[in-house]
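In case you want the letters, here they are:
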Amino acid sequence: MWATITKPFAWLMVWLYEHTGNYGIAVILFALAVNLILTPFMAKSKKSMMRSSRLAPKIAELQRRHEGNQQKLNAEMQKLYREEGVNPMSGCLWSLIPFPILIALYSVIRQPITRMMFASSDVVTTLQEYFVGKGFELSTSGRSGAYIEIQLADLAHQYWNEIQTALAGKLDRLLDLDFSFLGLNLGNQPKWNFFMDTNWSDASVWLPALGLFLIPFISAFLSWASMQISSKTNPTNDATAQAADTMKTMNFMMPLMSIWICFVMPAAMGIYWIANSVFGIIRDVILTKVFKRQLDIEDAERQAQRSAREKELERKRLETELLRAQGKTEVNTNT
């Protein structure tokens, strides 16, 4: 069942790689595609959060009026949210959507042969037996063993012509997948202690290791920056305390999670997270400007309607008082 869920993501990754010829660019464009797909949902959440923040004066008035009566306050606040079309928790709910996508992408990146290329497990076995027979040491246990398909796909790329001859007819659907991007191998995992055993005399060794090491921290910083920008453009109030507490927790946990994910997973996941944060920041800034303009117009129209209604009520009140002073009002016998 999970293989079926990941198929659309695998098709997209293969299509992007085949059209760009660069694994890193394919991952970045994948992040862009995901952001474009999620934009309508995020836009709805963004507008609801911005509209909710504008209710602060009304909510403060309700809290003053119903102080000490929490049940009445909750009822009045729910009524206010309904009238204004606001869901104070919508921002948190929609923000959870990227997680299933992240898990599906991880599955595609971790198993490029069976999940991304849709090759059979026999292809994995054939490649493994071939390279072991050639004297290559493959990590098949522990955390590295979980990425055996990445190791095999990387070796297959390095010895592509050789295996096409030696294993002719046994490599159905296998794609020549090059993990290199800006001098880095995105199939490798960043090492937090690389500086302890690296060869500092050879720039071709320590420079890529340093680049991989920096990916988790760049990812964490951009994740934090993205949430800070979102928080500043969506000021909270006491009425949305639960949502605000949730967002504060996420502002703290997401960057830490990003660092952990990037160190225990292939570097491609870090590149995706970085790209996703950058596109998220751009989307948030644009949506903030667009919805601020829209909400200003809506508030002006609502205020104009409220003023017109108040003027009409005042006109009727004055008319009624005038008729009463002239003795021309009628008594309603049913009252």
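Residues numbered from 1 in each chain as written. Predicted model: local features only at pLDDT ≥ 70, side-chain atom pairs only at ≥ 80, totals over all residues. Heavy atoms only, no water.

1. Overview of unusual backbone geometry
Notably, F118 is not glycine yet its phi reads approximately 60°, a positive angle. Note that F118 resides in the loop between helix 7 (112–116) and helix 8 (121–133). Residue class for F118 comes out partly exposed when judged on its relative accessible area of 24%. A positive phi angle, near 55°, is found at L182, a position not held by glycine. (Helix = DSSP H or I, 4+ residues; strand = E, 2+ residues; numbered from the N terminus. Buried < 20%, exposed > 50% of the residue type's maximum accessible area, 1.4 Å probe, protein only.)

2. A closer look at a nonpolar patch on the surface
On the surface, a nonpolar cluster with roughly 370 Å² of combined accessible area is contributed by F195, M196 and W200. Within the secondary structure, W200 is located in the loop between strand 2 (184–185) and helix 12 (203–233). (Patch = residues over 30% accessible without salt bridge, like charges linked within 9 Å, V, L, I, M, F, W, Y side chains within 5 Å. Areas by Shrake-Rupley, 256 points an atom, 1.4 Å probe, with all protein chains shown as cover. Salt bridge = Lys/Arg side-chain N within 4 Å of Asp/Glu carboxyl O.)

3. Thoughts on helix 6 (residues 98–110)
With 13 residues, helix 6 extends 18 Å between its outermost C-alpha atoms, agreeing within 8% with the 18 Å of an ideal straight helix rising 1.5 Å per residue. Those residues of helix 6 lying buried are I101, L102, A104, L105, S107, V108 and I109. (Expected span 1.5 Å × (residues − 1).)

4. Here we look at the packing of helix 6 against helix 14 (residues 267–325)
Taken N-terminus to C-terminus, the directions of helix 6 and helix 14 make an angle of 145°; their axes are 10 Å apart at the nearest point. Crossing geometry of helix 6 relative to helix 14 is assigned as right-handed. Between helix 6 and helix 14, the residues in contact are I101, L102, L105, Y106 and I109 and A268, M269, Y272 and W273, respectively. Among the residues making up the contact of helix 6 with helix 14, the classes are represented as nine nonpolar, no polar and no charged. (Axes fitted to C-alpha atoms, helices over the stretch in contact; angles between N-to-C directions. Left-handed = near helix turned anticlockwise from the far one by under 90°. Contact = heavy atoms within 4.5 Å. Nonpolar A, V, L, I, M, F, W, Y, C, P; charged D, E, K, R; others polar.)

5. Examining the pattern of salt bridges
Across all of its chains, the model carries nine salt bridges by this definition. Here E76 makes a salt bridge to K72, at a shortest N to O gap of 3.2 Å. You can see E76 and its partner K72 sitting in helix 4 (residues 70–84), four residues apart, about one turn around the helix. In this structure, E319 engages R315 in a salt bridge whose closest nitrogen and oxygen atoms are separated by 3.1 Å. Here R315 and E319 lie together in helix 14, a separation of four residues that amounts to about one turn. For R315, a relative accessible area of 42% translates into the label partly exposed. Taken together, the shared-partner salt bridges connect E61, R64 and R65 into one network.

6. Quick look at the packing of helix 8 against helix 10 (residues 148–158)
At their nearest, the axes of helix 8 and helix 10 sit 10 Å apart, and the two run at 65° to each other. Put simply, helix 8 runs roughly perpendicular to helix 10. In the packing of helix 8 onto helix 10, the handedness of the crossing is left-handed. The residues of helix 10 that touch helix 8, namely those facing V124, L127, Q128 and F131, are I148, E149, L152, L155 and A156. Taken together, the residues of the contact of helix 8 with helix 10 sort by class into seven nonpolar, one polar and one charged. (Parallel < 35°, antiparallel > 145°, perpendicular 65-115°, else oblique.)

7. Brief notes about the packing of aromatic side chains
Evaluated as defined, the whole model comprises 18 aromatic pairs. A ring pair is formed by F194 and F195, whose centres lie 5.7 Å apart and whose planes are at 75°; its orientation type is edge-to-face. Under the relative-accessibility criterion, F195 is labelled partly exposed at 42%. Seen from their ring centres, F213 and F217 are 5.2 Å apart, and the 55° between their planes marks the pair as tilted. (Phe/Tyr/Trp six-rings, centres within 6.5 Å; stacked < 30°, edge-to-face > 60°.)

8. Focus on the side chain of S226
Looking at the element boundaries, S226 is found in helix 12. The contact partners of S226, leaving out residues within four places of it in the chain, are S277 and I281.

9. Remarks on the nonpolar core
Ranked by size, the top nonpolar core spans 64 residues in total, and within it Y23, F30, I113, L127, I163, L174 and Y272 carry the most contacts. When neighbours within four sequence positions are excluded, L174 is seen to be in contact with I113, M117, V123, L127, A156, W160 and I163. Membership of the second largest hydrophobic core comes to eight residues, among which are L73, M77, L80 and V86. (Core = buried A, V, L, I, M, F, W, Y, C linked by side-chain atoms within 4.5 Å.)

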